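Commentary on secondary and tertiary structure
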Amino acid sequence: MTDRSGAGAPCPCCAARIDGPPAFVHPAIPRLLNVLAASEAEARQAPAGRLELVECPACGMVFNRAFAGVPYGQDYFLDATRSPRYRRHLDDVSDRIAARLAPRDRFSLVDVGAGQGLFLAHLVERLGDRVIRAQGFDPAFRAAEATLPARVAVRAAPLDAAGAAALEGSVDVVAARHVFEHIPDPVRFLASFREHVPGPFELVLETPDVDHTLARGLLHDFCYEHCAMATDAAVAAALRRAGYQRIRVERAFDDEYLLAFATAPPGTERAAAPAPPTPRGAAPRLAALAARFAPRHRERLRQARARGPVALWGAAGKGALFALLVDPERTLLDLVVDIHPRKQGGFLPGAGHRVVAPEAARDAGVRTVLVANPTYAGEVATMCASLGLRAEVQCAGDPAGAAG
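Small disclaimer: the values here were computed from a predicted structure and weren't measured.

Quick notes on the sheet that holds strand 13 (residues 257–264)
A sheet is described by the order of its strands in space; here 7 strands give the open sequence 8-7-6-9-10-13-12, paired in mixed fashion. Either end of the sheet is taken by a strand with one partner, and the two such strands are strand 8 (152–155) and strand 12 (245–252). The mean angle between the axes of side-by-side strands here comes to 15°, regardless of whether they run parallel or antiparallel. Where strand 7 (residues 131–137) and strand 8 come together, 4 bridges link them in parallel fashion. Considered in strand 8, the bridge of G136 is made with V154. In the packing of helix 2 (residues 84–100) onto the sheet, the strands contacted are strand 6 (107–112), strand 9 (173–177), strand 10 (201–208), strand 12 and strand 13, and the crossing angle to strand 13 comes to about 25°.

Let's talk about the nonpolar core
Core analysis: the largest hydrophobic core is formed by 90 residues, its most contacted members being M61, L190, F193 and Y244. Per-element tally for this core: the top contributor is helix 9 (residues 317–326), with 7 residues. Every residue in contact with F193, bar those within four places of it in the chain, is listed here: V112, L159, V174, A176, F201, L203 and Y244. Judged by nonpolar contacts, the second largest core, of 41 residues, contains L109, V124, V204 and L387.

Concerning the pairing of strand 6
A regular strand places its side chains on the two faces of the sheet in alternate fashion. Within strand 6, 6 of the 6 residues are buried, leaving the element largely enclosed by the surrounding structure. Burial along strand 6 is two-sided: the residues F107, L109 and D111 and S108, V110 and V112 are all buried. Taken together, the 6 bridges between strand 6 and strand 7 define a ladder with parallel strand orientation. Its bridge partner lying in strand 7, L109 is registered against A134. In this region the chain leaves strand 6, passes through helix 3 (residues 118–127) and returns to the parallel neighbour strand 7; the handedness of that crossover is right-handed. The sheet contact formed by strand 6 and strand 9 spans 4 bridges and is parallel. Counted as the bridge partner of L109 is V173 from strand 9.

Observations concerning the sheet that holds strand 4 (residues 48–55)
The strand order across the open sheet built from 4 strands is 3-4-5-11, with neighbouring strands paired in antiparallel fashion. The open sheet has two edge strands, strand 3 (24–30) and strand 11 (228–229), and neither has a second partner. Bridge analysis of strand 5 (residues 62–64) against strand 11 gives 2 bridges, and the strand direction is antiparallel. For F63, the partnering residue across the bridge sits in strand 11 and is A228.

Remarks on helix 2
Given a rise of 1.5 Å per residue, 17 residues ought to cover 24 Å, and the 25 Å separating the end C-alpha atoms of helix 2 matches this to within 8%. Listed in full, the buried residues belonging to helix 2 are R85, Y86, H89, L90, V93, S94, I97, A98 and R100. Its side-chain oxygen at 3.2 Å from the backbone nitrogen of R85, S83 defines the N-terminal cap of helix 2.

Notes on the pattern of salt bridges
All chains considered together, the criterion is met by 27 salt bridges. Where R50 meets E52, a salt bridge forms, and the shortest distance between an N and an O atom there is 2.7 Å. Residue R50 is classed as partly exposed on the basis of its relative accessible area, which comes to 32%. Put simply, E250 and R248 hold a salt bridge, and the shortest N to O gap is 2.6 Å. The class of E250 is buried, set by a relative accessible area of 18%. Salt bridges linked by common partners bring D92, R96, R248 and E250 together as one network.

Details of the packing of aromatic side chains
Tallied over the full model, the rule gives 7 aromatic pairs. Their ring planes at 35° and their centres at 5.1 Å tell us that F67 and Y224 sit as a pair that is tilted. Here F67, found in the loop between strand 5 and helix 2, pairs with Y224, found in the loop between helix 6 (210–215) and strand 11; they are 157 residues apart in sequence, far enough to count as distant. With respect to class, F67 is no different from Y224; both count as buried.

Reading guide: rules and limits
Residues numbered from 1 in each chain as written. Predicted model: local features only at pLDDT ≥ 70, side-chain atom pairs only at ≥ 80, totals over all residues. Heavy atoms only, no water. Pairing = 2+ DSSP bridges. Helix = DSSP H or I, 4+ residues; strand = E, 2+ residues; numbered from the N terminus. Axes fitted to C-alpha atoms, helices over the stretch in contact; angles between N-to-C directions. Contact = heavy atoms within 4.5 Å. Core = buried A, V, L, I, M, F, W, Y, C linked by side-chain atoms within 4.5 Å. Buried < 20%, exposed > 50% of the residue type's maximum accessible area, 1.4 Å probe, protein only. Right-handed = clockwise from strand over helix to strand, strands pointing away. Expected span 1.5 Å × (residues − 1). Polar contact = N/O pair within 3.5 Å; in protein donor to acceptor, adjacent residues only side chain to side chain. Salt bridge = Lys/Arg side-chain N within 4 Å of Asp/Glu carboxyl O. Phe/Tyr/Trp six-rings, centres within 6.5 Å; stacked < 30°, edge-to-face > 60°.

The structure is reproduced here in structure tokens:
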């Protein structure tokens, strides 16, 4: 679905002007894909928003110019820590933070968008006494459900002036993992840390790499929540415009994520905006992918179902949006599987597929498993084998479509 309007807008990261029609438009994407419904009817009536995805020709940023905010609340649920592959990723991030802070024997850390404090708990477990204190901020934090180790505390609040006033001790590191992509003004978001936390401190930023998303043909990663999908150039531009120095952008989690490090110098002066990056010529990739994604996957699923039942594995954001884009009438996917007990029995917002445990796929004689996130394909194949589920494991995505 496309839109021929040509409204221009500045890129949220590098401020370059973006003109012309959006690369992909969808009129109604659930605003919250990580809030499962209690019934099919409720799922199909989930509050929705409009996608108008545009690409910055300078830094490659992809953002939704129709974004109108998301009502995050206590029912928002996202927890990937049951995955051994994801826990290894948390080990890697913890070790990279320790390496960045290598000259210091010990340090304190603040996590913005800390969720239930799972990363902070993992960090303290991994690095031990090197972490003096780990404090988190997240309005969706559910204190009654949290069991946090000593030296870890999370407040159900944002890191604003009031939150900063409640900080205990000095802050050496500010981390913001998987928050950047949810923020319509990322430069202002990054600059706010310098306003509220006395410098100097090290910033750790983790966010999906849109180059990876496009290269793997993962159209179902462009959800409504992710209004600002960045490249390494876009992240670097936003950090510079927010006044950070010593910027380094790395890749992590099989290149799915960008992991950026930067230093906030003393003071709150905002650096002058740098010149926009050299044009990248990325815009045709998303348009080509959008045109081919659903038709190719529908044909792929029809062929798979001729051999037996088909299961989609993964009921987080990628899985929920894939189900809506490819199987909105629930005629092609026989099951949707997730390993987290809290999701099992719920219904995906949008199309209304019911989520079941992995054992249900075995009992149903599933012959094809389609993994919503290719990064987990190896782990899913191992789990299928351990369950005695004799199914072909495939990955969602359309690299050919992305390449045009």
